[in-house]
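Observations on chain architecture
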Amino acid sequence: MAVTTTTEETRRLIAAPETRQRRLRWGNVGWSVARWIALGLGLVITLVPTLWLVTTSFKHEVDYLAYPPRLIPNSWTLDGYRVLFERNELGHFFMNSVVVTLSSTALSVLIGSMAAYGLSRAKLPFKLNGILAFWMLLTRMYPAIVTAIPYFLIMRELQWLDTRRALVFTYTAFNLPFVVWLMIGFFEELPPELERAAMVDGCNAWQRFWKIVLPLSAPALVATAILSAVLAWNEFLFAVMLTRIEAKTLPVVMSGFITDKGMLWDQMTALGVITVLPVLVFALAVQRYLVRGLTLGAVKE
Amino acid sequence: MASVLFDHVTKRYGKVEAVRDLTLEIADGQFMTLVGPSGCGKSTTLNMLAGLEEVTEGEIYIDGQPVSGLLPGERDIAMVFQSYALYPHMSVRDNLAFALKVRGMPKNVIAERVQRAAKMLGIEELLDRKPRQLSGGQRQRVALGRALVREPRIFLLDEPLSNLDAKLRVQMRAELKLLFDRLETTVVYVTHDQAEAMTMSDRVAIFDRGVLQQVGTPLELYNQPVNIFVAGFLGSPPMNFLDAQVSDTARGAALVGDGFSVPLTQPHAHLSRGQRVTIGIRPEDIEIVPGGDGIQTTISLVEPMGSATILHAPVGGKLVAIETEKTTPLRTGDSVTLIFPADRIHVFDPATGVALRGDQQRAAA
Amino acid sequence: MRPGPCGPGHSEPGAHECACARPVSPRSTATITMATALPSPRKRRFSARLGEQPVFIAFLLPAIIVLAISSLYPLGRTFWLSFHTWFMNQPGTEPQWAGLANYRAALSDEVFRTSAYHTAIFGLGTVAAELVLGLGLALAIMTGSWWTRVIRSILLIPMIMTPVVVGVLWRILLFDKGLVNYLLDLVGLDPILWFVEPTWAFIAVMLVDIWQWTPFVLIVMTAAIAALPSEPYRAAQIDGASRWQVFRYITLPMLWPVILVTALLRFMDAIKVFDTIYVLTNGGPGYATEMLSSYIYKQGLRYFNIGGAAAASWLFLLAVIFLSLLVIWARRRASRSL
């Protein structure tokens, strides 16, 4: 039932349906102008702040405090980066972010897709399927802050404060409901006959999951993994709450500059660039999947 | 190679009965076709045999062994799905080999079996392609191949040809028949296409609304349908049905309806006077005569089919289809005289739809 | 679907057909996306044999354990703590039963009420703006040529940026002698003391959120529009509908379910706001930009008033549960009415 969707032509029709000849001329001119203004403004408003972040990190103090402000400095310098690295164990914090992000992403995708498979295939009694699904939804919806304090207490009792494993566990748990939610939708859309065929071929549930379902879900898995990774990399609330010195991630280090370093904008933006650059490059490189993950997440019930 | 027995099998989904009290035997090496309109229970029956659906009541036996506790993979069956269900992420070779790998067969045996199946189906050149690089017909062959390499006791085929275009379907129909004739394995074949059922099967089982209507060879079903449903389901264009009553005429007892009269002969002689019946006659059984005694009517529509021509003409209030040779000179508006040969008439009870045949009633009694 | 001027016969969308589009391969994700956004047909699901039930439950177990530790237990403990008085910074003290005192205290606390009010206004204001801007940009971007794809990639940037960095960046841009005030000066307006004036501070945090999250709406809307069936548009073309009529009577009604869900999801996310505010204003000046998240955080981890924070948490949670149920209800209604 291949309905005509997503074709180039459809998009054109939606964007610029050719209207009746008489109206066509003025309508089209007005629309084109409005379109260009909208896109132009969008680009400027997005790009100027982004570039500002980058160029400020290469400015001397005279330039970043100059009025009128300048996007392009009179002279470029690497001082911000140099001082930043000299005064901080940045490599260590960077590795914290990397390790925490990668481990929690791998764990949440693994545990989450298994749970999604179980939930989409099992017929549980007492409407448990629905209850579990609602629980997942709620966990994704409620503000994490409402569990923050007991969570902090648990971690303190476990003596996990200021450890990477505390953050790995936290982000795994954070991303789980989201992975489950996305993957359930995907698993339910897989053609049921593929699994039937695998059953006839002699696969048990475990084999079906690893040999048929997961390989077929690769695009969705990648999409959810990317989104989980971006969220884990950027997370701040629990990171600032659960870490002090050893296990700080980049956002926490960044926030430290606000409170005690005044207006060291060159260092702050340098750290900003270091924090944002990996995730930005990564996300734009795999943009197709990122977009897919986002849209799946948004239009799922 | 195996026989199958459905023993009073019922399948319910909640309160809906998908299959009701099915008893059906399939002999070793037989090509059995389950046919019927969509939702008639034929696919559910196949899935129960495969082990993909659980039996609600009754038991299924393969070679005399009850199988309801067995998973599909433990039943030694192979299945071809309507959508082919090829694993999209595996090459054709891996698709064929998958079930054997899962069963832990030695590599050389797998390679040899895959090679043999591929050769049998003429898909040797496709072995390293992915399913999405194949045409519909090629996918169909791969799906078949995946079943062949298994060398199972029973082949289950669920509408395997319905995703092919008309021309390819006829070609594959013949190929499948040849293939399974050669393999001599038991085949259970599900289709909604009566042509496939008629041409390929040793025996056909017709289903309607979850109930098995009739089992027999294709010609038995065609020539001696037990009810109106079976009579109307097989044959294209379908059998004509007209209301009639058993009456006495100047020439003796006859089936008299609006605009026609057919002498009452064997095997319907047992019908009592005054009984209301539905008579059925196939389009190819109606004779057109030059004139004289018969049903006078005017042709209202001519449909040249190529190999034959179908005429439509009103008899009483109803339009009747008549199959005639392709060279017929008759045109719309021509007057014709029709004869319903008495020995070609099927008679049914209008209330229950059951065929009223003296010999069958005797057999039943 | 409202019958538009384009003739009822033609305006009947192929949306229903689209809804049951079943992907043959997992590649056609756009169809999947919309298939769930539009009324779902009866699901032809693969159902497990009963014999395999325990295996599927085993699949579920790890996730259930993780979530029990990370969500169920903390929620329960928050609930318990909310009925106790406990100041964590006083060593050796134990939580003391306090009944509803914490709830009473929270509800009568001016700062809590202001925070709740701020959170609601913040959520409504940003989401409304993001929806309008995002949908507008999505329509403007909608031709699928290579340069619109490039533009879309660029417009994605704010959403991916680490919120803390976004906060720092805008702190610099909104600085008294920063870029924004310079631009205001250029067009002849007085500079604004963004972090001194309460109203402007609130507007500032909203603007930053809008800057960061409009791309999200843009992405979702672009995907949703791309997955719309083309038949109604052809029909409208034949009927000679104007561009505005096409948008008003075809695009908008068909997008409605997605818009609704996006709005509610964004709202849920917006009211969680913490990091950008922590960096930008830290709730100030005074309590001008205090939100529920920052209120609870401060109560708990700055003033160590654990019971008070817990009570505020549960009040917040109840509001969110109510909204979640609303999401589901609205979602069902939206798919039914289409």
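Residues numbered from 1 in each chain as written. Chains lettered and ligands numbered in written order. Predicted model: local features only at pLDDT ≥ 70, side-chain atom pairs only at ≥ 80, totals over all residues. Heavy atoms only, no water.

Some details on the overall build of chain B
What counts here: Strands here mean DSSP runs of E at least two residues long; helices mean DSSP runs of H or I at least four residues long; both are numbered from the N terminus. Summary of the burial criterion: residues with accessible area below 20% of their type's maximum are buried, those above 50% are exposed, and those between are partly exposed, where the area comes from a 1.4 Å probe applied to protein chains only. Only heavy atoms matter for contacts: two residues are in contact if any of them lie within 4.5 Å across the pair. Note on areas: Shrake-Rupley with a 1.4 Å probe; residue coverage comes only from the protein chains shown. When charges are counted, neither His nor the chain ends are considered; positive counts come from Lys and Arg and negative counts from Asp and Glu. In plain terms, the charge of a residue is placed at NZ if it is Lys, CZ if Arg, CG if Asp and CD if Glu.
Along chain B, the regular secondary structure elements total 9 helices and 21 strands. If one aligns the C-alpha atoms of chain B with their principal axes, the spans along those axes are about 80 × 45 × 35 Å. A burial count over chain B gives 49% of its 365 residues as buried. Considering only intrachain contacts with a sequence separation of at least 6, the fraction spanning at least 24 residues in chain B is 67%. Summed over all atoms, the accessible surface of chain B reaches about 16,300 Å², with 50% contributed by carbon and sulfur. Distance between charge centroids for chain B: 6 Å, based on 38 positive and 43 negative side chains.

Examining helix 11 (residues 231-239) of chain C
What counts, and what does not: Directions drawn from the helix axis to the C-beta atoms are what define this arc.
The complete set of buried residues in helix 11 of chain C reads Pro-232, Tyr-233, Ala-235 and Ala-236 of chain C. Along helix 11 of chain C, the residues classed as buried sweep out an arc of 160° about the axis, all on the same side.

Observations concerning the side chain of Asn-234 of chain A
Under the convention used in this document: Identification of polar contacts relies on pairs of N or O atoms within 3.5 Å, with a donor-acceptor requirement for protein atoms, meaning one able to donate a hydrogen and the other able to accept it, and with residues adjacent in sequence counted only if both atoms are side-chain atoms.
Position of Asn-234 of chain A among the secondary structure elements: in helix 11 (residues 218-234). Judged by relative accessible area, Asn-234 of chain A falls into the buried class, the value being 7%. At 2.7 Å, the side chain of Asn-234 of chain A and the side chain of Thr-162 of chain C are in polar contact.

Here's the deal with the interface of chain A and chain C
Rules: Summed over both partners, the accessible area (1.4 Å probe) lost when two parts come together is defined as the buried area. Any Lys or Arg side-chain nitrogen located within 4 Å of an Asp or Glu carboxyl oxygen qualifies as a salt bridge.
With 128 residues of chain A at the contact, the number on the chain C side is 132 residues. For the pairing of chain A and chain C, the buried interface totals around 12,400 Å² over both sides, and the portion due to carbon and sulfur atoms is 74%. Taken together, the connections running from chain A to chain C amount to 1 salt bridge. The closest approach of N and O atoms between Glu-157 of chain A and Arg-77 of chain C, which form a salt bridge, is 2.8 Å.

A closer look at the interface of chain A and chain B
Which entries qualify depends on this criterion: Basically, the charged four are Asp, Glu, Lys and Arg, the nonpolar ten are Ala, Val, Leu, Ile, Met, Phe, Trp, Tyr, Cys and Pro, and anything else, Gly included, counts as polar.
Chain A puts 15 residues into the contact, and the matching count from chain B is 24 residues. Of all residues in chain A, Glu-193, Val-200 and Asp-201 of chain A bury the most surface against chain B, accounting for 40% of the area lost on that side. At the junction of chain A with chain B, the criterion picks out 1 salt bridge. Put simply, Arg-150 of chain B and Asp-201 of chain A hold a salt bridge, and the shortest N to O gap is 3.8 Å. Our count for the contact surface shared by chain A and chain B stands at 7 residue pairs in polar contact (both at pLDDT 80 or more). Breaking the side of chain A that touches chain B down by element, the ones donating at least two residues are helix 9 (192-200) and helix 10 (205-216) of chain A. Looking at the side of chain A that touches chain B element by element, the count peaks at 7 residues for helix 9 of chain A. Grouping the amino acids of the side of chain A that touches chain B by side-chain chemistry returns 9 nonpolar, 2 polar and 4 charged.

Side note on the nonpolar core
Definition in use: Only buried residues count toward a nonpolar core. Its members are Ala, Val, Leu, Ile, Met, Phe, Trp, Tyr and Cys residues joined through side-chain atoms within 4.5 Å.
Residues Phe-6, Leu-24 and Leu-156 of chain B together with Trp-170 of chain C are the most contacted members of the largest nonpolar core, which totals 235 residues. If you tally residues by element for this core, the top one is helix 8 (residues 164-189) of chain A, at 16 residues.

Topic: the pairing of strand 13 (residues 260-263) of chain B
Applicable threshold: At least two DSSP bridges between two strands are needed for those strands to be called paired.
Judged by which residues are buried, strand 13 of chain B turns out to be one-sided: Phe-260 and Val-262 of chain B face inward and are buried, whereas Ser-261 and Pro-263 of chain B, on the alternate face, are not. In sequence, strand 12 (residues 252-257) of chain B turns back onto strand 13 of chain B through a hairpin of 2 residues, with Gly-259 of chain B there showing a positive phi of about 90°.

Some words on the confidence of the model for chain A
All names here are of chain A. So the rule is basically this: Along the chain, pLDDT gives the predictor's confidence residue by residue, from 0 to 100.
Averaged over every residue, the pLDDT of chain A is 82; the share at 70 or more is 87%. Ranking the elements of chain A by mean pLDDT puts helix 1 (residues 8-15) last with 59 and helix 5 (residues 90-121) first with 92. The low-confidence segment residues 1-6 (pLDDT under 50) makes 21 contacts with residues lying over four places distant or belonging to another chain. Within the model, the stretch residues 18-24 combines pLDDT values under 50 with 10 contacts to residues more than four positions away or in other chains.

Focus on the domain arrangement of chain B
Residue and element names in this part refer to chain B. Note the cut-off: Domain start and stop positions are those given by an automatic or database domain assignment.
When cut into domains, chain B gives domain 1 (4-233) and domain 2 (240-364). Taking only C-alpha atoms, the centre of domain 1 and the centre of domain 2 are 38 Å apart. Across the boundary between the two partners, domain 1 contributes 9 residues, which contact 11 residues of domain 2. Of the roughly 890 Å² buried between domain 1 and domain 2, counting both surfaces, carbon and sulfur atoms make up 57%. Interface area lost by domain 1 to domain 2 is led by Tyr-222, Val-226 and Ile-228, which between them contribute 54%. Where domain 1 touches domain 2, the interface holds 0 salt bridges. Those elements that place two or more of their residues in the side of domain 1 that touches domain 2 are helix 7 (218-223) and helix 8 (228-233). Sorting elements by how many residues they give to the side of domain 1 that touches domain 2 places helix 8 first, with 3 residues.

Description of the domain arrangement of chain A
Residue and element names in this part refer to chain A. Domain annotation of chain A identifies domain 1 (21-79) and domain 2 (83-294). Of the roughly 790 Å² buried at the junction of domain 1 and domain 2 (both faces included), carbon and sulfur atoms supply 71%. If you sort the residues of domain 1 by the area they bury against domain 2, Leu-53, Tyr-64 and Asp-79 come out on top, with a joint share of 57%. Where domain 1 meets domain 2, there are 0 salt bridges. Counting every contact that joins domain 1 to domain 2 gives 2 residue pairs in polar contact (both at pLDDT 80 or more). Tallying contributions element by element places helix 2 (residues 21-56) first for the side of domain 1 that touches domain 2, with 3 residues.

A look at the environment of Ala-310 of chain C
Residues and elements named next belong to chain C. Within the fold, Ala-310 resides in helix 15 (residues 306-337). Among the residues examined, Ala-310 registers a relative accessible area of 4% and is labelled buried. A C-alpha to C-alpha distance of 8.3 Å links Ala-310 and Trp-80, two positions 230 residues apart in sequence. Among residues more than four places away in sequence, those in contact with Ala-310 are Thr-78, Leu-81 and Ser-82.

Describing unusual backbone geometry
Residue and element names in this part refer to chain B. Cis geometry is adopted by the peptide bond preceding Pro-237, which originates at Ser-236 and carries an omega value of -5°. Within the secondary structure, Pro-237 sits in the loop between helix 8 and strand 11 (240-249). A positive phi angle is found at Asp-76, which is not glycine, with a value near 55°. Looking at where Asp-76 falls in the secondary structure, it is placed in the loop between strand 5 (65-66) and strand 6 (77-80). Its relative accessible area of 30% is what places Asp-76 among the partly exposed residues. Backbone geometry places Glu-159, a non-glycine residue, at a positive phi of 45°. Structurally, Glu-159 is set in the loop between strand 7 (154-158) and helix 5 (166-183). Residue Glu-159 is classed as buried on the basis of its relative accessible area of 7%.

A short note on the packing of helix 4 (residues 79-87) of chain A against helix 14 (residues 265-285) of chain A
Think of two packed helices as two axes; the pair is described by the angle between the axes and how far apart they sit. Residues and elements named next belong to chain A. Quick reminder of the rule: Axis lines are fitted to C-alpha atoms, over the contacting stretch for helices. Their N-to-C directions set the angle, which ranges from 0 to 180 degrees. Roughly parallel means an angle under 35 degrees; roughly antiparallel means over 145; roughly perpendicular covers 65 to 115; every other angle is labelled oblique.
Closest axis-to-axis distance for the helix 4/helix 14 pair is 8 Å, and the angle between their directions is 80°. In this view, helix 4 runs roughly perpendicular relative to helix 14, as classed from their interaxial angle. Contacts between helix 4 and helix 14 involve Gly-80, Tyr-81, Val-83, Leu-84, Phe-85 and Arg-87 from the former and Asp-266, Gln-267, Ala-270, Leu-271, Val-273 and Ile-274 from the latter. Of the residues that constitute the contact of helix 4 with helix 14, the class distribution is 8 nonpolar, 2 polar and 2 charged.

A short note on the sheet that holds strand 6 of chain B
Residues and elements named next belong to chain B. Spatially, 6-7-8-3-9-10 is the arrangement adopted by the 6 strands of the open sheet, whose pairing is mixed. Because the sheet does not close on itself, it has two edges, and the strands there are strand 6 and strand 10 (211-216). Recorded for the sheet is a direction-independent mean angle of 15° between the axes of neighbouring strands. Two elements, strand 3 (residues 31-35) and strand 8 (residues 186-191), share 5 bridges in a ladder whose sense is parallel. When the bridges of strand 8 are listed, Met-32 appears paired with Val-188. Packing against the sheet, helix 5 makes contact with strand 3, strand 7 and strand 8, and its axis sits at approximately 165° to strand 7.

Here we look at empty space enclosed by the protein
This is how the line gets drawn: For cavity detection a 1 Å grid was placed over the protein atoms alone, and a set of points counts as a cavity when a 1.4 Å probe fits there but cannot get out; an open set counts as a pocket when protein lies on both sides within 12 Å along at least five of seven lines, with lining residues being those that have an atom within 4 Å of a point. Grid points are joined across faces, edges and corners, and a volume is the space filled by probe spheres set on the points.
Applying the stated criterion across every chain yields a total of 10 cavities of 30 Å³ or more. Roughly 1,200 Å³ of volume is contained in the largest cavity. Along its surface, the largest cavity is lined by 49 residues, and Leu-231 and Glu-235 of chain A together with Trp-213, Asp-269 and Lys-272 of chain C are the ones closest to its centre. No other element matches helix 8 of chain A, which puts 7 residues into the lining of the largest cavity.

A word on the pattern of salt bridges
Side chains bearing opposite charge may pair, as long as their charged atoms lie close to each other. All names here are of chain B. Going through the model one piece at a time under the given rule, you end up with 26 salt bridges over all chains. Measuring nitrogen to oxygen at the nearest pair gives 4.0 Å for the salt bridge that ties Arg-153 to Asp-76. Residue Arg-153 is located in the loop between helix 4 (136-148) and strand 7, and its partner Asp-76 is located in the loop between strand 5 and strand 6; the two are separated by 77 residues in the primary sequence. On the basis of relative accessibility, which here comes to 22%, the residue Arg-153 falls in the partly exposed class. Residue Asp-248 is joined to Arg-273 by a salt bridge in which the shortest nitrogen-to-oxygen separation is 3.0 Å.

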